[in-house]
Structure formats: structure tokens, C-alpha cells
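So you can see what is in the structure, the chains are spelled out below.
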Amino acid sequence: MSKVGQWIDKRTGISGPVRSFLNYPVPKYVHNNLLYTLGGLTAISFGLQVITGIMLTFYFDPSTEGAYNSVDYITYTLPLGWLVRGLHHYGASAMVILVALHMLRTYFFSAYKKPREINWLTGVLLLFLTLAFGFTGYLLPWDQKGYWATRVGTSIAGSVPLIGATIANIMRGGAELGQSTLTRFFATHVMLLPATLALLIGVHIFQLRYHGMAPAITEKAKAQSKSFVPFFPYWVVNDAIAGLGLLALLVYISATQRAPLEFPADPTSSNFIPRPEWYFLFYYQILKYFPGGLEPVATVLIPLFIFGSMILLPFIDRGEERRPWKKPVTTIAAIFYIVVIIIFTVLAG
Amino acid sequence: MSDTQLPALPLEKGAWDEKELSRRKFLEITFWAVSGITAVGLLGTGARFLVGNSLEPTTSSWVELGKVAELPKGTVNRVNYAMKAKDAWREVTQRGALYAFSADGANYTVLDGTCTHLGCIVQWDSAENQFRCPCHSARFTREGVVVDGPPPKPLRSLQTKVENGVLMAQI
């Protein structure tokens, strides 16, 4: 350690915890399986959202009069504005995809089982927060898409029996979408959610480190489970390469297809067909099939069932078996969810 | 917490003050009481602050929809309104879309174009003689009654009046 390093270490005691973090023993079966980079890649995509998000706030005007023009300015006038907004816009989709894939990996490897229940639960909350990021984010340009998707989204909350109107009004900051809504969504998107998400990621990673990786499920992996490599640089390098690949992909998409900006929000428009972001489309389609008094089934019971089943999963599936091909119930349940989401997304598209 | 055994201190450092430790339980209870009171106070105040004025009842106002003479009889007319309104700390021009119909030029039905399902604006389909919602394909009659689709209620019908030849509606 250099003299400067020693000076700092004597006063902070930082080198011990850092060394312990970096030298953490990673089983070879984890290091050799790229599916385990999905968690790190999700964290990298969140980091990218934080960096590009902070950059965007330097130019974004969170007012109903100025929001649209500021986003238009960022996208079409500001040097490299197209890139920063593109990375943020497409990065959001990437983060949703990565969270989903990371959760599927965890699910199919049964990594939610005892004693890792809390880690699974923080993961479910992180998924929920990621979707909340998407929902609060696409109103901010104050364009037709954001305005109408938010109107529909808050109306969904409004259809909850008894307390729906109160919830919807608190979300919007009033009975109608307006300045209060934009300010609320902006504050939630750039302050509340990042702080909560960062805190939860900390808990999530602490839990991972506390329990270690979930046991291997294949014979080949089990054979490697007694052999370890240090977290740095062995695992980190995989994440770094995957992260660079993700960044390159996002730069390419941002360069070839500008992040979309519809016409400015128009509350009188009847020819604009509101459509949420692709990851909410399946749910938007499901809402079609529950008429009249059955509406709360779609707006309350289905989301409660989906999130409730995810939360209860580690407490229901408590057997020792971890191999998905030997656990037909959980495997078929996951495939059912995936197929339903794909079918309704296609129907809405 | 206080029943947790404290680890022995290294000899060169010294020892726990046994006399002070007798107050450990009391201090813990005090800490949790003070923290609890502070947390409840902060949460209550914070929640009230964040709810703000969002639950205030909306006030109704009369808006002008156009001259009666210029609204064709027997057909559904889409009319947009604009009025000065207060949006939080901003003075804004609030705009909206309504549909006006009159068979005889004397009695008017004015419907709020907001779909009662999830808030999209319905379109008048003159060929089908129905309102259609672009979001989930709901259909309403000319009077706003649900014919098909998920809306739980009919379109909102507004009070109307004619003043100096101008049709007005209460939104």
C-alpha cells in the first residue's frame, strides 16, 4: 500500500472491509456461468440510469409549460443530448428486461429458498420499484404518451373500491393531471425512488454476501462447488465486459433510433390512442376483459395476486428440491406467467 | 436488547461501568419512546404535507361551448372548452372536450367525453351512431349509456343552459 494509502487507512480503517469485499470467495460454478452476471448487470444498468438521469436534470424543466420543450431541446438541439436521453430511455427498458431475467434465473435455480427469503423479497420490491421508475419517468416529457398513460394509470388506481378516488387524487396532486402531478412524479422519480432503490440494493447485496451463493443445482456445477475464485477480478471482469456490451448496445440503439417524443400533451385529444410502455402493455390489454363491476378484479385482485404470489413463493415452496425439471408445479407456473404476458402483449400490439 | 450480554472489554482498555449498567434498560426504553414519538410526529406531519391540497373538492364552473345557432341540430357536435383555472401555484388555461347534442335546438344534452373506464377521451362514430373509446373499445349510446366494453358507468351528463344565444355547460 502506498504511503498515502496507509495514511488514509490509518484514519478510516477502510482497507479491511474493502479487501474483504473484493476477496469474497466465489464458487467456480458461479464464475463459469454467465447467467450469474444478470444481477451485476442489473446494478450496472441502474448506475447508468443514475448517471444519465443526473445529467438530464441539468436541462429538464419540471413544469407543464416547459417540460416538453426542454426534452425536445435535449433530444434535438443539445450536443449529445440525443445520446444521454437515448441511454436513459432505452436503459430503462434494459433495466426492466435485466431485472426480469435476473429474477427468472433466481426462480429457476430456486435461490429464493430458505435461508434466502429476505433476499427474494427485497428482489420483488426492487422489481416493483423498477416498474415505478418507468411509470413516473414517462410522464416527465409531458407529451401525449406520458400524459395519457398517466391518466390511464392513475385511473386504474382510482378504480380501487372505496379508497380509489383518494389514492388517485393523492397520486395526481388533485382531481386532474397538471403541474402538481408533474412535480410529484418528478420528485418521486429523481429523489424518492433512487434513494429507496439504492438502499434496497445495499440490503440485497448484503444478504447475498451473508448467505453466499445458493447451492448448485446441476451435477456439473456441484462438482465445482468446493473450488473458489476471488470476487475481484474474476467475477467483476465478467460484469465489466457484460456492462460494456450493454452500454455499446444502448449507444447503438440511441444512435439509430432517437428516443421517442410524441406531440405535446393535449387533454382534449381523442384521436391519440394511449398506450403505456411495452412492459405494461399486457396489463393494459387485460383491463379490457373486465367490464363494469368486475373492473376491480383487474385493477386490484390481479396485481395483488401477482405480487402476493411472488412474496409468498419462498414460504410456499419450502421443499429441498431445487432442480426445475423435478419441480413441475413451480416450473409450469412460471412458464404460464411468461406465456400469459407474451400473449397479452402481442394482443395489445 | 439490554438482556444481551455485553462482551468483556480488553483488559488494557478498561471495564464496563457496572453501576451505570443498572440504568441500561431504562435508557433503552427512553430511547425507543423518544424515537417513537419523533417518528410518529414526523410521519404524520410529512404525510399531511405530501397529501397537500390534493383532496380538496373541485369547484364547478360554467364554460361557454359556442353559439347555439352555430351548433347543427340532430348531430353530435364535439366542442372544446377553455377556461382560466388555478393549477396548484399556476394560472393556466384548462381545456377539455365535450359532446353536445340537440334534436330540436332548444334542449341540449352535453356529455363529458372522458371515458368512465380509465379516462381516455371517447370519439363520436357517426356511422355507428355511437361513442367509441380508443383505449379499450368501449361503446356508448348518444345519451352516454354503456353499450359494450368495460366502463362501469355512463358518460357524465352535464347541466346546461343557454345565455344570450350561447350554450353553456357546468363542468
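Anything mentioned here points back to the structure above.
The shown structure was predicted, so the numbers you read here are calculated from the model rather than taken from an experiment.

Draft legend 1. Seen up close, the nonpolar core. The biggest cluster of nonpolar side chains holds 79 residues, and the ones touching the most others in it are Leu 65, Leu 98, Ala 100, Val 110 and Cys 120 of chain B. Here this core takes 10 residues from helix α6 (residues 81-108) of chain A, the largest share from any one element. Not counting chain neighbours up to four residues away, the residues in contact with Leu 65 of chain B comprise Val 79, Tyr 81, Leu 98, Ala 100, Val 110, Leu 167, Met 168 and Ala 169 of chain B.

Draft legend 2. Focus on the packing of helix α4 (residues 37-57) of chain A against α6 of chain A. Residues and elements named next belong to chain A. Packing of α4 against α6 leaves a shortest axis separation of 8 Å and a crossing angle of 155 degrees. When the axes of α4 and α6 are compared, the pair comes out roughly antiparallel. As for the relative orientation of α4 and α6, their crossing is left-handed in sense. Broken down by class, the residue content of the contact of α4 with α6 amounts to 14 nonpolar, nine polar and two charged.

Draft legend 3. Expanded view of the interface of chain A and chain B. Of the residues lining the interface, 29 residues belong to chain A; the matching set on chain B comes to 25 residues. Elements that contribute at least two residues to the side of chain A that touches chain B include exactly α8 (144-158), α9 (164-172) and α10 (179-211) of chain A. At five residues, α8 of chain A tops the list of elements feeding residues into the side of chain A that touches chain B. Looking at side-chain class alone, the side of chain A that touches chain B contains 11 nonpolar, 14 polar and four charged residues.

Draft legend 4. The sheet that holds strand β11 (residues 166-170) of chain B, seen in detail. Residues and elements named next belong to chain B. Pairing in this open sheet of three strands is antiparallel, and the strands run β1-β11-β10 from one edge to the other. Here the strands that pair on one side only, and so sit at the sheet edges, are β1 (62-67) and β10 (160-163). On average, adjacent strands in this sheet sit at an angle of 30 degrees to one another, irrespective of strand direction.

Draft legend 5. Focus on the sheet that holds strand β5 (residues 123-125) of chain B. All names here are of chain B. If you walk across this open sheet you meet the four strands as β5-β6-β7-β8, and the pairing is antiparallel. Every other strand in the sheet has two partners, leaving β5 and β8 (146-148) as the edge strands with one partner each. Bridging between strand β7 (residues 139-140) and β8 involves two bridges; their strand directions are antiparallel. Bridged to Arg 139 within β8 is Asp 148.

Draft legend 6. Expanded view of the pairing of β11 of chain B. Pairing of β1 of chain B with β11 of chain B, which is carried by five bridges, proceeds in the antiparallel orientation. Bridging from a neighbouring strand, Lys 67 of chain B pairs with Val 166 of chain B of β11 of chain B.

Rules used in this analysis
Residues numbered from 1 in each chain as written. Chains lettered and ligands numbered in written order. Predicted model: local features only at pLDDT ≥ 70, side-chain atom pairs only at ≥ 80, totals over all residues. Core = buried A, V, L, I, M, F, W, Y, C linked by C-beta atoms within 7 Å. Buried ≥ 20, exposed ≤ 12 C-beta atoms within 10 Å, placed from the backbone. Helix = DSSP H or I, 4+ residues; strand = E, 2+ residues; numbered from the N terminus. Contact = placed C-beta atoms within 7 Å. Axes fitted to C-alpha atoms, helices over the stretch in contact; angles between N-to-C directions. Parallel < 35°, antiparallel > 145°, perpendicular 65-115°, else oblique. Left-handed = near helix turned anticlockwise from the far one by under 90°. Nonpolar A, V, L, I, M, F, W, Y, C, P; charged D, E, K, R; others polar. Pairing = 2+ DSSP bridges.

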